[in-house]
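Residues per chain, in single letters:
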Amino acid sequence: MAMQLPGLLLNSAGLTLAGGRCHSCRNSQPPAAISSANPPSLSSTIQVVGWKGVGGSGSENSKLFNAFEGIQEEYGWNDLETDLYHWTKTLRPVQWYPGHIAKTEKELKEQLKLMDVVIEVRDARIPMSTSHPQMDSWLSNRKRILVLNREDMISTADRNAWATYYANQGIKVVFSNGQLGMGALKLGRLAKALAGTVNIKRKAKGLLPRPVRAGIVGYPNVGKSSLVNRLLKRRMCPAAPRPGVTRELKWVRFGKDLELLDSPGIIPMRISDQTAAIKLAICDDIGERSYDATDVAAILVQMLSKLPTVGNKALCDRYKIEADGRCGKTFVQKLAVQLFNADNNQAAFRILQDFRKGKFGWISLERPPR
């Protein structure tokens, strides 16, 4: 028995990706291990809208789909990370470390010692790639709230997968939309609740109460300043949809009992995991001068071709260009000839912008590791 799902053909003998494996213009063997900073993302949940199966009752179809569901998801995300590892090996390394970040990092580590609670903001599309490798050592046992911003840019299945993953680790996580303010009030209440013991201890020592101090940290352009502005309900911190806008630490008061420290984006001096670097470039969480847009767009095309919720058909429908997912550069060149007078850079920028604006649907580029 066989059944057709978006981008996949499932049968009792095994699993085959429709259209063949997707490689960067060459065949590669999977590496023995993927970088530990960004392990293969897997999940047991996938959402297929409007699928009713092939024959049989609804109950039978549901059981059959659930049986193959884990196989589809495991194959797709694990294989995607493996291929992405190979695709990035041939590219110029993506590195970006503006001068102000070194100064900010030094100042921030000193300020963190004064914090009652730390709010770490990540991009919901790439939570693992926007996790600073030194953050745990900086915070030590300090109370932390994890915010996955841009929840409007991922699917419900993605959101549920990450919520379950962090809940199982006992991590307080808030999903937010810094542009519309969703999650901001919940974040404020949670920060005050976690640091509520501060004034109890001060009172026991005969000291007057003081506002709770919360530091907001994270990678560039993940939405830290937008969250602060939404909490305050006014524009107190500069914010723009590009990395590197905030360049200095700034304290702001939220009511009478909460003080927030807005900080510039911090990023490692050297990004050792280039699969994470490419995702940062795709999601516009790193400076444009640090990468070749054509290379990044080509890899994005290959990634989208492999995702069951997107696939080659979505690319073909949007650009009226046949896509096979084997060589993203060829696709970028075809689009350049068709729309941009053979300017590959403009074509690449269009593909990246379309992804960032949700033209292929709101999707995450990562799923939680198992």
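These lines cover the structure that appears in this document, whether it is placed above or below. (Residues numbered from 1 in each chain as written. Predicted model: local features only at pLDDT ≥ 70, side-chain atom pairs only at ≥ 80, totals over all residues. Heavy atoms only, no water.)

1. A short note on the overall build of the chain
- A tally of helices and strands in the chain yields 12 helices and nine strands.
- In the chain, buried positions account for 52% of the 370 residues.
- In the chain, the proportion of contacts linking residues at least 24 apart, taken out of those at least 6 apart, comes to 74%. (Helix = DSSP H or I, 4+ residues; strand = E, 2+ residues; numbered from the N terminus. Buried < 20%, exposed > 50% of the residue type's maximum accessible area, 1.4 Å probe, protein only. Contact = heavy atoms within 4.5 Å.)

2. Considering the packing of aromatic side chains
- As enumerated under the stated definition, the model contains five aromatic pairs in all.
- Ring centres of Trp-162 and Tyr-165 lie 5.7 Å apart, and the angle between their planes is 85°; this geometry places the pair in the edge-to-face category. With Trp-162 and Tyr-165 both in helix 4 (residues 156-168) and three residues apart, this pair spans about one turn of that helix. Here Trp-162 and Tyr-165 have matching classes, each one buried. (Phe/Tyr/Trp six-rings, centres within 6.5 Å; stacked < 30°, edge-to-face > 60°.)

3. Observations concerning the pairing of strand 7 (residues 212-218)
- Burial within strand 7 is extensive, with six of its seven residues counted as buried.
- Relative to strand 7, strand 4 (residues 117-123) runs parallel, the two sharing five bridges. Among the inter-strand pairings, Val-121 is bridged to a residue of strand 7, identified as Gly-218.
- Sheet topology places strand 7 next to strand 9 (residues 258-262); five bridges connect them, and they run parallel. Considered in strand 9, the bridge of Gly-215 is made with Leu-261. (Pairing = 2+ DSSP bridges.)

4. Focus: helix 12 (residues 344-356)
- Taking 1.5 Å of rise per residue, the 13 residues of helix 12 would be expected to cover 18 Å, and the 18 Å separating its terminal C-alpha atoms lies within 8% of that figure.
- Those residues of helix 12 that are buried lie in contact with helix 8 (274-282), helix 9 (293-306), helix 10 (311-319) and helix 11 (328-339).
- One side-chain oxygen of the residue at the start of helix 12 lies 3.0 Å from the amide nitrogen of Asn-345, identifying that residue as Asp-343.
- One or two residues past the end of helix 12 sits Gly-358, with phi positive at roughly 80°. (Expected span 1.5 Å × (residues − 1). Polar contact = N/O pair within 3.5 Å; in protein donor to acceptor, adjacent residues only side chain to side chain.)

5. Focus: empty space enclosed by the protein
- Scanning the model with the defined rule gives one cavity of 30 Å³ or more in all.
- Space inside the largest cavity adds up to approximately 60 Å³. (1 Å grid on protein atoms, 1.4 Å probe; cavity = no way out; pocket = protein on both sides within 12 Å on 5 of 7 lines; lining within 4 Å. Points joined across faces, edges and corners; volume = space filled by probe spheres on them.)

6. Here's the deal with the pattern of salt bridges
- Taken as a whole and assessed by the stated rule, the structure comprises 18 salt bridges.
- Put simply, Lys-113 and Glu-110 hold a salt bridge, and the shortest N to O gap is 3.4 Å.
- We note a salt bridge from Glu-120 to Arg-122, for which the minimum N-O separation is 3.2 Å.
- Here Glu-120 falls in the buried class, since its relative accessible area comes to 1%.
- Judged by relative accessible area, which is 9%, Arg-122 ranks as buried.
- A single network of salt bridges, built from pairs that share partners, joins Glu-120, Arg-122, Asp-136 and Arg-144. (Salt bridge = Lys/Arg side-chain N within 4 Å of Asp/Glu carboxyl O.)

7. Details of the packing of helix 8 against helix 9
- Running from amino to carboxyl end, helix 8 crosses helix 9 at an angle of 95°, the nearest separation of the two axes being 10 Å. The angle between the axes of helix 8 and helix 9 places the two elements in the roughly perpendicular class. From helix 8, Ile-278, Ala-281 and Ile-282 reach across to helix 9, where they touch Val-296, Ile-299, Leu-300 and Met-303.
- When its residues are assigned to classes, the contact of helix 8 with helix 9 shows seven nonpolar, no polar and no charged. (Axes fitted to C-alpha atoms, helices over the stretch in contact; angles between N-to-C directions. Parallel < 35°, antiparallel > 145°, perpendicular 65-115°, else oblique. Nonpolar A, V, L, I, M, F, W, Y, C, P; charged D, E, K, R; others polar.)

8. Quick word on the sheet that holds strand 4
- Here six strands make up an open sheet; going across it, the order is 6-5-4-7-9-8 and the pairing mixed. Edge positions in the sheet fall to strand 6 (173-176) and strand 8 (250-254), since each of these pairs with one other strand and no more. Going across the sheet, the axis of each strand differs from the next one's by a mean of 25°, ignoring polarity.
- By the bridge criterion, seven bridges tie strand 4 to strand 5 (residues 143-149) in an arrangement that is parallel. Within strand 5, the position partnered with Arg-122 by the bridge is Leu-148.
- Of the strands in this sheet, strand 4, strand 5 and strand 6 touch helix 4, which is tilted by about 160° from strand 6.

9. What about the packing of helix 9 against helix 11?
- The N-to-C vectors of helix 9 and helix 11 enclose an angle of 110°; their axes lie 7 Å apart at closest approach. One finds that helix 9 runs roughly perpendicular with respect to helix 11. Between helix 9 and helix 11 the crossing geometry is right-handed. Taking contact as the criterion, the partners of Thr-294, Asp-295, Ala-297, Ala-298, Val-301 and Gln-302 in helix 9 are, on helix 11, Gly-328, Lys-329, Phe-331 and Val-332.
- Of the residues belonging to the contact of helix 9 with helix 11, the class tally is five nonpolar, three polar and two charged. (Left-handed = near helix turned anticlockwise from the far one by under 90°.)

Purely geometric stuff here, so don't read any function into it on its own.
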